[in-house]
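Observations on the model geometry
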Amino acid sequence: MKTLCEIRKIVIVIALMMFGLGYAQSSDKAKTLLDEVYNKVKSYDNIQVDFKYVLENKAENIKQETRGDVTIQGEKYLFNYLGATKIFDGNKVITIIPENEEVVIESPDVEDENTITPSKMLTFYRQGYNYSWDVLQNVRGRQIQYIKLIPIDTEAEAKEILLGIDAQTKHIYNLIQTGQNGTKTTITVNSFKTNQPLSGNLFKFNAKKYEDEGYYIVKQ
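Summary of the structure given here. Treat the numbers as computed from the prediction; the structure is a model and nothing was measured. (Residues numbered from 1 in each chain as written. Predicted model: local features only at pLDDT ≥ 70, side-chain atom pairs only at ≥ 80, totals over all residues. Heavy atoms only, no water.)

**Description of the packing of aromatic side chains**
In this structure the tally under the stated criterion is eight aromatic pairs. Measuring from centroid to centroid gives 6.2 Å for Phe-51 and Phe-79, while their planes differ by 10 degrees, and the two rings are stacked. Residue Phe-51 is located in strand S1 (residues 47-57), and its partner Phe-79 is located in strand S3 (residues 76-81); the two are separated by 28 residues in the primary sequence. For the pair Phe-51 and Phe-79, a shared accessibility class is recorded, and that class is buried. Taken together, the ring pairs in this structure connect Phe-51, Tyr-53, Phe-79 and Tyr-81 into an aromatic cluster. The ring of Tyr-210 has Lys-209 sitting right over it, with the charged end atom 4.2 Å from the ring centre. (Phe/Tyr/Trp six-rings, centres within 6.5 Å; stacked < 30°, edge-to-face > 60°. Helix = DSSP H or I, 4+ residues; strand = E, 2+ residues; numbered from the N terminus. Buried < 20%, exposed > 50% of the residue type's maximum accessible area, 1.4 Å probe, protein only. Lys NZ or Arg CZ within 6 Å of the ring centre and 35° of its normal.)

**Details of the environment of Asn-206**
Here Asn-206 is to be found in the loop between strand S11 (184-194) and helix H4 (207-212). Looking at Asn-206, its side chain comes within polar contact range of the main-chain nitrogen of Lys-208, at 3.3 Å. (Polar contact = N/O pair within 3.5 Å; in protein donor to acceptor, adjacent residues only side chain to side chain.)

**Regarding the nonpolar core**
Judged by nonpolar contacts, the single largest core of 31 residues is most densely connected at Val-49, Phe-51, Ile-147, Leu-149, Leu-163 and Ile-165. Membership of the second largest hydrophobic core comes to 11 residues, among which are Leu-78, Phe-203, Tyr-210 and Tyr-215. (Core = buried A, V, L, I, M, F, W, Y, C linked by side-chain atoms within 4.5 Å.)

**With respect to the pairing of S11**
Where S1 lies against S11, 10 bridges are found, and the strand directions are antiparallel. Across the sheet, Tyr-53 pairs through a bridge with Ile-187, a residue of S11. Two strands pair when backbone bridges link them, and strand S10 (residues 172-179) and S11 are joined in this way by five bridges, in the antiparallel orientation. Paired with Thr-178 across the two strands is Lys-184, which belongs to S11. (Pairing = 2+ DSSP bridges.)

**Here we look at the sheet that holds strand S4 (residues 84-88)**
Sheet architecture is open: 12 strands sit in the order S7-S8-S9-S10-S11-S1-S2-S3-S4-S5-S6-S12, paired in mixed fashion. Edge positions in the sheet fall to strand S7 (129-139) and strand S12 (216-219), since each of these pairs with one other strand and no more. Strand-to-strand twist across the sheet, computed as the mean angle between neighbouring axes with direction ignored, equals 15 degrees. As paired elements, strand S5 (residues 93-97) and strand S6 (residues 102-106) share five bridges and run antiparallel to each other. Residue pairing across strands places Ile-94 opposite Ile-105, the latter belonging to S6. Packed on one face of the sheet, helix H2 (residues 28-42) meets S1, S7, strand S8 (142-151), strand S9 (158-166) and S10 and runs near 80 degrees to S7. (Axes fitted to C-alpha atoms, helices over the stretch in contact; angles between N-to-C directions. Contact = heavy atoms within 4.5 Å.)

**Re H2**
Working note: α-helix, 3.6 residues per turn, so residues spaced by three or four point in the same direction. The terminal C-alpha atoms of H2 lie 21 Å apart, and with 15 residues this matches the ideal 21 Å at 1.5 Å per residue to within 8%. For H2, every residue scored as buried is listed here: Ala-30, Leu-33, Leu-34, Val-37, Tyr-38 and Val-41. Down the axis of H2, the buried set is contained in an arc of 135 degrees. They therefore lie on one face. (Expected span 1.5 Å × (residues − 1). Arc of directions from axis to C-beta.)

**Looking at the environment of Ile-165**
Relative to the assigned elements, Ile-165 resides in strand S9. Classification of Ile-165 as buried rests on a relative accessible area of 0%. C-alpha of Ile-165 to C-alpha of Ile-147: the two residues are 18 residues apart in sequence and 8.0 Å apart in space. Aside from chain neighbours lying at most four places away, what touches Ile-165 is Leu-33, Leu-34, Val-37, Gln-143, Ile-144, Gln-145, Ile-147, Lys-170, His-171, Ile-172 and Tyr-173.

This is the structure we're talking about:
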């Protein structure tokens, strides 16, 4: 299912943006900055991010743009993208696809092996990349420092990743991933909110509501 696969891929990229990346070989400056980003994000009770997503492959004449948002609290998250919603309630992963009138309910361990689940978000970054200090850019008055990350796995889908960090706030500004096939994926944070008042039902899935609306519910 294309929509479900796309959602899983974007969850990986959001995880990279929110929780840092691998500490293999690096410059001391790059490690220090990534540590600051990690510690800052880890200190928040919850995070809400609204983002712009652009996928472009000039050789194939492809350019797709869309927007999405994600709310993360501890291990739970609510993710809206491509007209679908993905929820992790602490136990199950629920993907709601209105276009297909379908709901897929999975245990985290049956997801695609490459998916970064919330339980891995604060640990996976410790390995997998070599990284280095890159360019500093002025973006509408904001100083954005880039860190370049190169996957250690030569068969990885990504050729390189540029992680843009606001030098003042230590929040992620954008992530630019270049694939081995030349496809460039850019995620830019439009808004980054923390410690927001959240509904107690935000991460709860009401199965009866969707059953009453005629949705097909798949349990895996």
